[in-house]
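As a plain string of letters, each chain reads:
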Amino acid sequence: MGTRTSSRARRATMFRAWLPPGTTARGGKRRTFAAGKADGAKKLARVYPTDEAAQTAANAAHAKAGRELMSLSLTLALGRPDLAAEQTAKVSGYKPSIDVILWKVAEVDHTLSNAGFITSLKPERQPET
């Protein structure tokens, strides 16, 4: 079974922001401010002038990621004629954060050829509101 996750599905759930040297009372060292989970954190490129600005930026980036659409592209080696658009589906064997999502099938393509019966589908996770 071939699979591909979109870049949105691989997006980290934690965002980091830094303060520039000399702006903190802690010896001018850069500090990290985080929002979300630490596993696979995305680093924000900008350096922020205050603790509050850095934390606000990390929180805003985390909230924005939660509102974005996530999707997968799956090709099943053995066709599944019972799959149709608008059905809900679960996937397994991926990262736990992907396996727990209840997906909605957005597109399904059934193909019958010399290679056999193949089903391709595109499940999507709806954005959080």
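Above: the structure in question.
No experiment lies behind these values; they were computed from the predicted model shown.

This paragraph deals with the environment of Ala61. Topologically, Ala61 is positioned in helix H2 (residues 51–67). Along the backbone, Ala61 and Lys42 are 19 residues apart, and their C-alpha atoms lie at a distance of 9.4 Å.

Two elements, strand S6 (residues 88–89) and strand S7 (residues 103–113), share two bridges in a ladder whose sense is antiparallel. Paired with Ala89 across the two strands is Trp103, which belongs to S7. Here S7 folds back onto strand S8 (residues 116–125) in antiparallel fashion, the turn holding two residues.

With that out of the way, let us pick up the layout of surface pockets. Of the volumes computed, that of the second largest pocket is approximately 170 Å³. As for the second largest pocket, its lining consists of 12 residues, of which Leu74, Leu76, Lys90, Val91 and Leu121 are closest to the centre. Counted by class, the lining of the second largest pocket contains nine nonpolar, one polar and two charged residues.

Here is what the cut-offs are and how they apply
Residues numbered from 1 in each chain as written. Predicted model: local features only at pLDDT ≥ 70, side-chain atom pairs only at ≥ 80, totals over all residues. Heavy atoms only, no water. Helix = DSSP H or I, 4+ residues; strand = E, 2+ residues; numbered from the N terminus. Pairing = 2+ DSSP bridges. 1 Å grid on protein atoms, 1.4 Å probe; cavity = no way out; pocket = protein on both sides within 12 Å on 5 of 7 lines; lining within 4 Å. Points joined across faces, edges and corners; volume = space filled by probe spheres on them. Nonpolar A, V, L, I, M, F, W, Y, C, P; charged D, E, K, R; others polar.

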